[in-house]
Amino acid sequence: MKPTLPLWFALLLLGAAGTAQAAGNVPAGREKARMCEACHGLDGRSRMPEAPNLAGQVEGYLAAQLTAFKSGQRRNEQMAVIVQALTPQQIDDLAAYYAAIEVTVGKIPGEPGR
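The text that follows walks through the structure, step by step, so that each part is easy to find. (Residues numbered from 1 in each chain as written. Predicted model: local features only at pLDDT ≥ 70, side-chain atom pairs only at ≥ 80, totals over all residues. Heavy atoms only, no water.)

Taking 1.5 Å per residue, 13 residues should reach 18 Å; helix α4 (residues 59-71) reaches 18 Å between its end C-alpha atoms and fits that length. Among the residues of α4, Gly60, Leu62, Ala63, Ala64, Gln65, Leu66, Ala68 and Phe69 are the ones counted as buried. (Helix = DSSP H or I, 4+ residues; strand = E, 2+ residues; numbered from the N terminus. Expected span 1.5 Å × (residues − 1). Buried < 20%, exposed > 50% of the residue type's maximum accessible area, 1.4 Å probe, protein only.)

The next point concerns the pattern of salt bridges. Counting across every chain of the model gives 3 salt bridges. Arginine 34 is the salt-bridge partner of glutamate 31, the closest N and O atoms lying 3.8 Å from each other. Aspartate 43 serves as the salt-bridge partner of arginine 47, at 3.3 Å between the closest nitrogen and oxygen. A cluster of three or more residues bridged by salt bridges with shared partners is formed by Asp43, Arg45 and Arg47. (Salt bridge = Lys/Arg side-chain N within 4 Å of Asp/Glu carboxyl O.)

Here we come to the side chain of histidine 40. The residue histidine 40 is located in helix α3 (residues 37-40) in this model. Beyond its immediate stretch of four places on either side in the chain, histidine 40 contacts Arg45, Ser46, Ala51, Pro52, Leu54, Met79 and Tyr98. (Contact = heavy atoms within 4.5 Å.)

Here the focus is the packing of α4 against helix α6 (residues 88-100). At a minimum axis distance of 8 Å, the contact between α4 and α6 shows a crossing angle of 140°. The angle between α4 and α6 falls in the class oblique. With respect to the hand of their crossing, α4 and α6 are arranged in right-handed fashion. Here α4 contributes Glu59, Leu62, Ala63, Leu66, Thr67 and Lys70 to the contact with α6, which in turn contributes Ile91, Asp92, Leu94, Ala95, Ala96, Tyr98 and Ala99. (Axes fitted to C-alpha atoms, helices over the stretch in contact; angles between N-to-C directions. Parallel < 35°, antiparallel > 145°, perpendicular 65-115°, else oblique. Left-handed = near helix turned anticlockwise from the far one by under 90°.)

To continue, consider the layout of surface pockets. Empty space within the largest pocket amounts to approximately 560 Å³. Along the wall of the largest pocket there are 27 residues; nearest its centre are His40, Pro52, Leu54, Phe69 and Met79. Among the secondary structure elements, those contributing two or more residues to the lining of the largest pocket are α3, α4, α5 (77-83) and α6. Of the residues forming the lining of the largest pocket, the biggest block, 5 residues, is contributed by α4. Tallied by class, residues from the lining of the largest pocket come to 19 nonpolar, 6 polar and 2 charged. (1 Å grid on protein atoms, 1.4 Å probe; cavity = no way out; pocket = protein on both sides within 12 Å on 5 of 7 lines; lining within 4 Å. Points joined across faces, edges and corners; volume = space filled by probe spheres on them. Nonpolar A, V, L, I, M, F, W, Y, C, P; charged D, E, K, R; others polar.)

The structure is reproduced here in structure tokens:
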């Protein structure tokens, strides 16, 4: 488990750096997200149990993860095929789009009503 700790720390730093420098275009990201819709949903809510929800995630984190899939640093067979065609700007656009989706949380199970 120790070898993965430096990787996650590096990704965390990349995500934090990406947040300050994010240059994504939300409308362009929405258009590009159509290729993600089957698994992650156009609204960023996953349609498949093995695909994470992307709505409301931190923009820099999303960009860092897509970049890691593209470089092979992070591995997933489906994502490896999809990200290869993405430019850095398209990665930023997708990250901006999914980060811009507002997520609301309902009642937490087991807690009394508010």
